[in-house]
Amino acid sequence: MNRKLMLLAATSSLAFTGFAANYTNFIIINLDDAGYGDFSYNGAYGYKTPNIDRMAAEGVRFTHFLAGQPISGASRAGLLTGCYPNRIGFAGAPGPGSDYGISPDEMTIGELLKQKGYSTAVFGKWHLGDAKQFLPLQNGFDEYYGLPYSNDMWPYHPQQGEVFNFPDLPTYDGNEVVGYNTDQSQFTTDYTNRTVNFIKKNKNKPFFIYLAHSMPHVPLAVSDKFKGKSEQGLYGDVMMELDWSVGEVLKALREQGLEENTLIVLTSDNGPWANYGNHAGSAGGLREAKATTFDGGNRIPCVMYWKGVTQPGTSCNKLASNIDLLPTLAEISGAPLPQRKIDGVSILPLIKGEKDANPRESFVYYYHKNDLEAVTDGKFKLVFPHKYVTYGAYVPGNDGQPGDLTNLELKKAEMYDLRRDPGERYDVISQYPEEAAKLMKIADDMRKDLGDNLTRVKGPGRREPGKLK
């Protein structure tokens, strides 16, 4: 019996045995391209995010939370499987008609929680492959409504015909396309309403919702509820509507009496797309932005709230990543972990505020197909020679038009003291040779497992993605 059939059998048997009285629901709200500095609790200008601020005031803020990779598709693959994306053959942001996607042999969070009888849903952007075999209903989810990939992968891209040739953008309901080039100003509202309805429908049984908003990724769009409401223009309007969405989800949980048995996670897939100027977010002073492994690309906002468990108004500066969500949810729910090797670790002790806990001792920054560009222990970050895109060479674009980009090259290894220099500006590798050696060993050990194209090392631990049948 293959893994999918075994999973269904396990779920069916649970339906007859019933559930334990005490279970936890899960909601992961994953924004698209929201930066570290995009909420008012963290210094955003020209608009307020009161619902998110309240969530932070009643929960825990993770200040050193990293995306598995600084790009949409790969980051989401890491979040949903608990693996470094390159371990499962994922790279970049697969577009329309991609011939690869999530492998049927990888377990998603949806499939993990199905083992414990959870109802599961995805509302928003998927980006783990757009062929039917890669879509959510074939990979552990009961409901799906949204886009198969990024909202700019459509005929109205500002560089359509010059750089890209995108087809019409489909909106899915389950496995069926229900429209093309849908009015994007309604996406945030539609995803939110679907989420609220799913909460009400499943209030008496465990559920998992992956609310993966299409915004604030360009092209920006906002409903009439918030159009023109912020001092920062369209970007601020969009962020205010996303904050409204969070408020609606929290209100639904309160009204259904579910706050005390629901963990809500709010995060982003990567840093802001800075060359879009006034249509892009803020990295909050971190270096560079999306599509780079400097922390403007990988370090993302994260707030978790679980009434009665998270300590109100706390922050956690321990190292954590979105690939840690799967094993965390597994520990809380009691679901067995995937049989295949994963890279995430449970951060439940950090959610509970246990002082001396440090479940993640290191993180490796892979990018592109399999380039190991950096490694950190949470205190120091060692960056290896590599080429990277920079956002600082040209003035950003404006009003939906991208600015020019160029590439730079780091020609020697550098190390940054993240405590004193979160902007990664000062190379201190000569001052801390022992720390550099420790990080180098972590990198070398990882190369033995996953390989590294930059140093031409092959690793046996990588697996193939799903291939189009």
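If you're wondering where the values come from, they're calculated on a predicted model, not measured in any experiment.

1. What to know about the packing of helix α2 (residues 50–58) against helix α6 (residues 234–255)
Moving on, step 1. One way to put it is that α2 packs onto α6 with a least axis distance of 7 Å and a crossing angle of 55 degrees. On the basis of the axis angle, α2 is oblique to α6. Between α2 and α6, the residues in contact are P50, N51, I52, R54 and M55 and D243, W244, V246, G247, L250 and R254, respectively.
Moving on, step 2. Partitioning the contact of α2 with α6 into residue classes produces 6 nonpolar, 2 polar and 3 charged.

2. Some thoughts on the pattern of salt bridges
Moving on, step 1. Tallied over the entire structure, the rule returns 28 salt bridges.
Moving on, step 2. The partner of K125 in a salt bridge is D32, with the nearest N and O atoms 2.6 Å apart. Of this pair, K125 sits in strand β5 (residues 119–125) while D32 sits in the loop between β1 (25–31) and α2, placing them 93 residues apart in sequence. As far as the burial class goes, K125 and D32 line up, both buried.
Moving on, step 3. With its nearest N and O atoms 3.0 Å apart, the salt bridge here joins K412 to D427. Within this pair, whereas K412 is found in the loop between β18 (406–410) and β19 (414–417), its partner D427 is found in the loop between β19 and α10 (433–450), the two being separated by 15 residues in sequence.
Moving on, step 4. Connected through salt bridges with shared partners, the residues D32, R76, K125 and D269 form a single ionic network.

3. Structural notes on the sheet that holds strand β8 (residues 176–180)
As a general point, the strands of a sheet are linked pairwise by backbone hydrogen bonds and lie either parallel or antiparallel.
Moving on, step 1. One open sheet accounts for 10 strands, arranged β8-β7-β6-β5-β9-β1-β10-β11-β2-β12; its pairing is mixed. If you trace the sheet from one side to the other, it starts and ends with β8 and β12 (314–316), each paired once. Taking each pair of neighbouring strands and ignoring which way they run, the sheet shows an average axis angle of 15 degrees.
Moving on, step 2. Relative to strand β10 (residues 262–268), β1 is paired through 7 bridges, and the arrangement is parallel. When the bridges of β10 are listed, I28 appears paired with V265.

4. Section: the packing of helix α5 (residues 187–201) against α6
Moving on, step 1. Where α5 contacts α6, the two axes come as close as 9 Å, and the packing angle between them is 10 degrees. Between α5 and α6, the interaxial angle falls into the category roughly parallel. Together, T188, T189, T192, T195, V196 and I199 of α5 and E241, L242, W244, S245, E248, V249, A252 and L253 of α6 make up the contact between the two elements.

5. A few points about the sheet that holds strand β15 (residues 371–376)
Moving on, step 1. The strand order across the open sheet built from 4 strands is β14-β15-β16-β19, with neighbouring strands paired in antiparallel fashion. Taken across any chain shown, the strands that pair with only one partner, and hence form the sheet edges, are β14 (363–367) and β19. Going across the sheet, the axis of each strand differs from the next one's by a mean of 20 degrees, ignoring polarity.
Moving on, step 2. Direction of pairing for β14 relative to β15: antiparallel, over a ladder of 5 bridges. Residue pairing for β15: Y366 is matched across the bridge by L372.

6. Describing the UniProt feature "domain: Sulfatase N-terminal" (unreviewed entry) in the protein
Moving on, step 1. UniProt's feature table lists "domain: Sulfatase N-terminal" (unreviewed entry) at residues 25–334, given in the numbering used throughout.
Moving on, step 2. The annotated region residues 25–334 carries 24% helix and 18% strand content, and the separation between its end C-alpha atoms amounts to 12 Å.

7. Quick word on the packing of aromatic side chains
Moving on, step 1. As enumerated under the stated definition, the model contains 19 aromatic pairs in all.
Moving on, step 2. Taken together, a centroid distance of 5.5 Å and an interplanar angle of 65 degrees make the contact between Y84 and F363 edge-to-face. Note that Y84 is positioned in the loop between α3 (72–81) and β4 (100–101) and F363 in strand β14, a separation of 279 residues in sequence.
Moving on, step 3. Pairing F123 with F198 gives two aromatic rings, centres 6.1 Å apart and planes at 75 degrees, and the pair type is edge-to-face. Here F123, found in strand β5, pairs with F198, found in helix α5; they are 75 residues apart in sequence, far enough to count as distant.

8. Considerations on the environment of W273
Moving on, step 1. In this structure, W273 sits in the loop between β10 and α7 (295–298).
Moving on, step 2. Residue W273 is classed as partly exposed on the basis of its relative accessible area of 21%.
Moving on, step 3. In this structure, the C-alpha to C-alpha distance between W273 and Y426, residues 153 residues apart in sequence, is 24 Å.
Moving on, step 4. If near-sequence neighbours (up to four positions away) are discounted, W273 is found in contact with D33, D152, H217, V218, A280, K290 and Y391.

9. Here's the deal with unusual backbone geometry
Excluding glycine, residues mostly carry a negative phi; peptide bonds, for their part, are mostly trans.
Moving on, step 1. Following M215, the chain continues into P216 via a peptide bond in cis, with omega recorded as 5 degrees.
Moving on, step 2. Tracing the sequence through the fold places P216 in the loop between β9 (207–212) and α6.
Moving on, step 3. Of the consecutive residues V218 and P219, the connecting peptide bond is found in the cis state with omega at 0 degrees.
Moving on, step 4. One non-glycine residue, H368, adopts positive backbone phi at about 55 degrees.
Moving on, step 5. Within the secondary structure, H368 sits in the loop between β14 and β15.

Thresholds applied
Numbers given for residues are sequential positions, taken from 1 along each chain in its written order. pLDDT decides what is reported in this predicted model: residues at 70 or higher carry local features, side-chain atom pairs at 80 or more are listed and counted, and totals for whole chains, interfaces and linings draw on all residues regardless. The side-chain figures draw on all heavy atoms in the structure; neither hydrogens nor water molecules are used. In this description, a line fitted to the C-alpha atoms serves as the axis of each element, helices being fitted only across the stretch in contact, and the angle between N-to-C directions of two axes falls anywhere from 0 to 180 degrees. The numbering of helices and of strands both runs from the N terminus, where a helix is a DSSP run of H or I of at least 4 residues and a strand a run of E of at least 2. Roughly parallel here means an angle under 35 degrees, roughly antiparallel means over 145, roughly perpendicular means 65 to 115, and every remaining angle is called oblique. Contact definition: two residues touch when any of their heavy atoms are within 4.5 Å. Each residue is assigned to one of three groups, with Ala, Val, Leu, Ile, Met, Phe, Trp, Tyr, Cys and Pro labelled nonpolar, Asp, Glu, Lys and Arg labelled charged, and all others, Gly among them, labelled polar. Think of a salt bridge as a Lys or Arg side-chain nitrogen and an Asp or Glu carboxyl oxygen that are within 4 Å of each other. With a 1.4 Å probe rolled over the protein chains alone, any residue whose accessible area is under 20% of its type maximum counts as buried; one over 50% counts as exposed, and the rest are partly exposed. At least two DSSP bridges between two strands are needed for those strands to be called paired. UniProt positions are given in the numbering used here, feature names are shortened, and annotations may be inferred rather than shown by experiment. In this scheme Phe, Tyr and Trp rings, the latter by its six-membered ring, pair at centre separations within 6.5 Å, and the angle between planes marks the pair as stacked below 30 degrees, edge-to-face above 60, and tilted otherwise.

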